[in-house]
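Examination of the molecular architecture
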Amino acid sequence: DTGVSQDPRHKITKRGQNVTFRCDPISEHNRLYWYRQTLGQGPEFLTYFQNEAQLEKSRLLSDRFSAERPKGSFSTLEIQRTEQGDSAMYLCASSIGTSVKDTQYFGPGTRLTVL
Amino acid sequence: QKEVEQNSGPLSVPEGAIASLNCTYSDRVSQSFFWYRQYSGKSPELIMSIYSNGDKEDGRFTAQLNKASQYVSLLIRDSQPSDSATYLCAVMVTGGYNKLIFGAGTRLAVHP
């Protein structure tokens, strides 16, 4: 257990529904990352927060995706109008963010299945 | 062209042998490199980080970095069946945000 928690661990939804995932980082970590991983691939970067500010978004993050980190603590990732192609493991990672030796620790992930 | 490349495997080694996992990357200015282990259905778990050319050892694991050749490797000595997993190589992108670029991973199978 790295200290990063994610909820829910599994989500099954029907195409067109909205889903929201939550990530609670390690308490002293001010950087929070979202990644997506599909079968047979490595995680792909989605977005990044420094405290409450969202500083970078991947082009993978279509306008159906939105992420927030209110008050610089937990973060939520919402997917609107889900599509079957959104089925993946959504991973959250956090880090202290002090230097190039910054280390990211991953949560257990949320596995999304879109029917 | 992929930014981080790994052989997908599977790499099959007998118990007790040395497993050698390799990774190449395209970003010449990258300074930070990581190896994560991922069991099936689980999230990535950090094994090693390396920042300088040469070797870094931690228990049965040794990471090797050659920035001139843009090459990172992970050696696992005395491989155990419990080491059977996918090993992900990750390179940190410079520019302030420290996002990681992952390879697709190498699947390692250690057989008794």
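Our structure's up above, just so we're on the same page.
Now for a description of the structure that goes with this document. (Residues numbered from 1 in each chain as written. Chains lettered and ligands numbered in written order. Predicted model: local features only at pLDDT ≥ 70, side-chain atom pairs only at ≥ 80, totals over all residues. Heavy atoms only, no water.)

1. With respect to the pairing of strand β5 (residues 44–50) of chain A
Residue and element names in this part refer to chain A. Let me state the cut-off plainly: Each residue gets one of three labels from its accessible area relative to the maximum for its type: buried under 20%, exposed over 50%, partly exposed in between, using a 1.4 Å probe on protein chains only. Numbering of helices and strands runs from the N terminus, with a helix taken as a DSSP run of H or I at least four residues long and a strand as a DSSP run of E at least two residues long. Here a strand pair is declared whenever DSSP counts at least two bridges between the two strands.
In terms of burial, β5 is largely enclosed, as five of its seven residues are buried. With six bridges joining them, strand β4 (residues 31–37) and β5 adopt antiparallel strand pairing. Looking at β5, one finds that leucine 32 is bridged to phenylalanine 49. Connecting β4 to the antiparallel partner β5 that follows it, the hairpin turn spans six residues, and glycine 40 within it adopts a positive phi of roughly 80°. Alignment of β5 against strand β6 (residues 53–57), held across four bridges, turns out to be antiparallel. Among the inter-strand pairings, tyrosine 48 is bridged to a residue of β6, identified as glutamate 56. The hairpin turn running from β5 into β6, its antiparallel successor, is two residues long, and asparagine 51 in that turn takes a positive phi close to 55°.

2. Digging into the sheet that holds strand β3 (residues 19–25) of chain B
Residues and elements named next belong to chain B. Spatially, the five strands line up as an open sheet ordered β1-β3-β8-β7-β6, and their pairing is antiparallel. The open sheet has two edge strands with one neighbour each: β1 (4–5) and β6 (54–58). Taken together, the five bridges between β6 and strand β7 (residues 61–66) define a ladder with antiparallel strand orientation. By the bridge assignment for β7, glycine 54 is matched with leucine 65.

3. Regarding the sheet that holds strand β1 (residues 5–7) of chain A
Residue and element names in this part refer to chain A. Condition: Here, axes are lines fitted to C-alpha atoms. For helices the fit covers the stretch in contact, and angles between N-to-C directions go from 0 to 180 degrees.
The strand order β1-β3-β8-β7 describes an open sheet built from four strands, whose pairing is antiparallel. Where the open sheet ends on each side, the last strands, each with one partner, are β1 and β7 (65–68). Adjacent strand axes in the sheet meet at a mean angle of 15°, parallel and antiparallel pairs treated alike. As paired strands, β7 and strand β8 (residues 75–79) are joined by four bridges and run antiparallel to one another. Its bridge partner being in β8, glutamate 68 is matched across the sheet by threonine 76.

4. Re the environment of Pro44(B)
Definition in use: By definition in these notes, contact holds between two residues if any of their heavy atoms fall within 4.5 Å.
By secondary structure assignment, the location of Pro44(B) is in the loop between β4 (33–38) and β5 (45–50). For Pro44(B), a relative accessible area of 3% puts it in the buried group. In this structure, the C-alpha to C-alpha distance between Pro44(B) and Thr86(B), residues 42 residues apart in sequence, is 9.1 Å. Setting aside residues no more than four positions away along its own chain, Pro44(B) makes contact with Pro43(A), Leu91(A), Phe106(A), Tyr36(B), Arg37(B), Gln38(B) and Leu88(B).

5. Quick look at the state of the cysteines
Residues and elements named next belong to chain A. Worth spelling out the cut-off: Put simply, a disulfide is two cysteine sulfurs that come within 2.5 Å.
Within the structure shown, the criterion is met by two disulfides over all chains. Disulfide pairing is shown between cysteine 23 and cysteine 92; the S-S distance is 1.8 Å. Of note, the bridge from cysteine 23 to cysteine 92 carries an S-S torsion of about -65° and is left-handed in sense. Taken together, the positions of cysteine 23 in strand β3 (residues 19–24) and cysteine 92 in strand β9 (residues 88–95) put the pair 69 residues apart, joining distant regions of the chain. Here cysteine 92 falls in the buried class, since its relative accessible area comes to 0%.

6. Quick word on the side chain of Ser94(A)
Residues and elements named next belong to chain A. We apply this condition: What qualifies as a polar contact is a pair of N or O atoms within 3.5 Å, subject to a donor-acceptor requirement within protein and to the restriction that residues adjacent in sequence count only when both atoms come from side chains.
Considering the arrangement of structural elements, one finds serine 94 in strand β9. At a separation of 2.8 Å, a polar atom in the side chain of serine 94 contacts the side chain of histidine 29. Once you skip the residues sitting within four places of it in the chain, serine 94 turns out to touch Val4, Pro25, Ile26, His29, Arg31, Leu32, Thr103, Gln104 and Tyr105.

7. With respect to the nonpolar core
Stated precisely, the cut-off is as follows: The definition of a nonpolar core used throughout is a set of buried Ala, Val, Leu, Ile, Met, Phe, Trp, Tyr and Cys residues joined through side-chain atoms within 4.5 Å.
Among the nonpolar cores identified, the biggest contains 24 residues, and Trp35(B), Val72(B), Leu74(B), Ile76(B) and Tyr87(B) are the most heavily contacted of them. For this core, the elements supplying multiple residues, two or more each, are β3, β4, β5, β7, β8 (71–76), β9 (85–92) and β11 (106–111) of chain B. Residue contacts for Ile76(B): discarding those within four places in its chain leaves Ala17(B), Ile18(B), Ala19(B), Leu21(B), Arg60(B), Phe61(B), Asp83(B), Tyr87(B) and Leu108(B). Counting 19 residues, the second largest nonpolar core, distinct from the first, contains Val4(A), Leu46(A), Phe49(A) and Leu61(A).

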